[in-house]
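Chain and residue survey
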Amino acid sequence: MLRRRLVTEDDFAWKLPKTTSSEREEEPEEVEMLRYVGGVDVSFSKEDPSVACGTLVVLDIQNLQVVYEDFAIVTIDVPYVPGFLAFREAPILLELLQRLKKKDASPFYPQLLMVDGNGILHPRGFGLACHLGVLADLPTIGIGKNLHHVDGLTYSRVRQLLEAKENSTRDFITLTGCSGHVWGAAMRSTLASLKPIFISVGHRISLFTAIIIVKMTCKYRVPEPIRQADIRSREYLQKRQKGASE
DNA sequence: GCGACAG
DNA sequence: ATCTTGTCGC
């Protein structure tokens, strides 16, 4: 039912910042630019696997610095079932978005959200990034660190295609399944990383735009908003456990 | 029946 | 998702 509300093309008011240092024509003041990009992740306790830390960070795309962070410790009893990640992780992440929105003025409420998990690259074409995007009514991009095998797509075939295209290491290949449907893209985000990341449309954005933005935010293999959410989430959970055992 | 299976 | 261990490179 949520999938009926999914939008898989660009649907936002802002413009992409010009990353090319060419002639920086003054953007008219009234044109909204993309500046605040959110990243979300959930980490889990090793002692008690039902204890989780949901994390929301917001980065300034101009310098990739974190301008906002928030954490929430919760217990999650919904089991992890491949293909149903959203039912486990979406509630806490939505809560964190709500919390930021309610803050007075909330100048850092993200214009775009990057999600640790797939968008339409999913057995039913509706992964965590889509789920969050629709419920929060926010443009989202799905980032997978492993391939979810769908429509005949295999890791070995992706590797094959990636190596055949032995061009600029910073390039990507489109993930077209046996049916001919385009599910996303595989990208080697860094020269050093052989292992690609898997980009797919979450909500209210095209694959083309999603790839451009992912490239703009990749300092390392994993785009910075997700990487920061991941690092800080783990750190927060460990510190909390240390404090609880004292 | 067997293998595949985001986080 | 979690954990360990070792190695490479700046």
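Structure shown above.
The structure reproduced in this document is the subject of the present report. Keep in mind it's a predicted model, so treat the numbers as computed, not measured. (Residues numbered from 1 in each chain as written. Chains lettered and ligands numbered in written order. Predicted model: local features only at pLDDT ≥ 70, side-chain atom pairs only at ≥ 80, totals over all residues.)

**Topic: the protein's contact with DNA strand B**
Taken together, 18 residues sit near DNA strand B, with Leu-85, Gly-127, Lys-145, Asn-146 and His-148 positioned nearest. Of the residues in the surface near DNA strand B, the class split is seven nonpolar, nine polar and two charged. (Near = placed C-beta within 6 Å. Nonpolar A, V, L, I, M, F, W, Y, C, P; charged D, E, K, R; others polar.)

**What to know about the protein's contact with DNA strand C**
Contacts to DNA strand C come from Ser-43, Phe-44, Lys-46, Asp-116, Lys-145 and Arg-234. Per-class residue counts for the surface near DNA strand C are one nonpolar, one polar and four charged.

**Side note on the nonpolar core**
A general feature of soluble globular proteins is that nonpolar side chains tend to end up buried together. If you look at the biggest cluster of nonpolar residues, it comprises 57 residues, and the most contacted ones within it are Val-115, Leu-132, Ile-141, Ile-199 and Ala-210. Here Val-115 is in contact with Val-40, Leu-128, Ala-129, Leu-132, Thr-140, Ile-141, Gly-142, Ile-143 and Gly-202, once residues within four sequence places are set aside. (Core = buried A, V, L, I, M, F, W, Y, C linked by C-beta atoms within 7 Å. Buried ≥ 20, exposed ≤ 12 C-beta atoms within 10 Å, placed from the backbone. Contact = placed C-beta atoms within 7 Å.)

**Description of helix α2 (residues 128-136)**
Across the nine residues that make up α2, a large majority, eight, are buried. Listed in full, the buried residues belonging to α2 are Leu-128, Ala-129, Cys-130, His-131, Leu-132, Gly-133, Val-134 and Ala-136. Where α2 terminates, the next one or two residues include Asp-137, which has phi positive at roughly 50°. (Helix = DSSP H or I, 4+ residues; strand = E, 2+ residues; numbered from the N terminus.)

**Section: unusual backbone geometry**
Here the phi dihedral of Ser-106 falls at roughly 35°; this positive angle occurs in a residue that is not glycine. The exposure class of Ser-106 is partly exposed, given the 13 C-beta atoms found within 10 Å. For Asp-151, which is not glycine, the phi dihedral falls at a positive 55°. Its place among the elements puts Asp-151 in the loop between β5 (140-144) and α3 (155-164).

**Here we look at the pairing of strand β2 (residues 51-60)**
The element β2 is largely enclosed, with a buried count of eight among its ten residues. For strand β1 (residues 36-44) and β2, the ladder comprises nine bridges, and the chain directions are antiparallel. Pairing of Ser-43 across the sheet is with Cys-53, part of β2. The turn joining β1 and β2, which pair antiparallel and follow one another in sequence, is formed by six residues. Two elements, β2 and strand β3 (residues 65-75), share ten bridges in a ladder whose sense is antiparallel. Within the sheet, the bridge partner assigned to Val-57 lies in β3 and is Glu-69. The loop that links β2 with its antiparallel partner β3 comprises four residues; one of these, Leu-64, has a positive phi angle of about 60°. (Pairing = 2+ DSSP bridges.)

**Let's talk about the packing of helix α1 (residues 85-102) against α2**
At a minimum axis distance of 9 Å, the contact between α1 and α2 shows a crossing angle of 40°. In terms of orientation, α1 and α2 fall into the oblique class. Between α1 and α2 lies a crossing of right-handed hand. Here Leu-85, Ala-86, Glu-89, Ala-90, Leu-93, Leu-94 and Leu-97 of α1 come into contact with α2, specifically with Leu-128, His-131, Leu-132, Leu-135 and Ala-136. For the contact of α1 with α2, the class distribution of residues is ten nonpolar, one polar and one charged. (Axes fitted to C-alpha atoms, helices over the stretch in contact; angles between N-to-C directions. Parallel < 35°, antiparallel > 145°, perpendicular 65-115°, else oblique. Left-handed = near helix turned anticlockwise from the far one by under 90°.)

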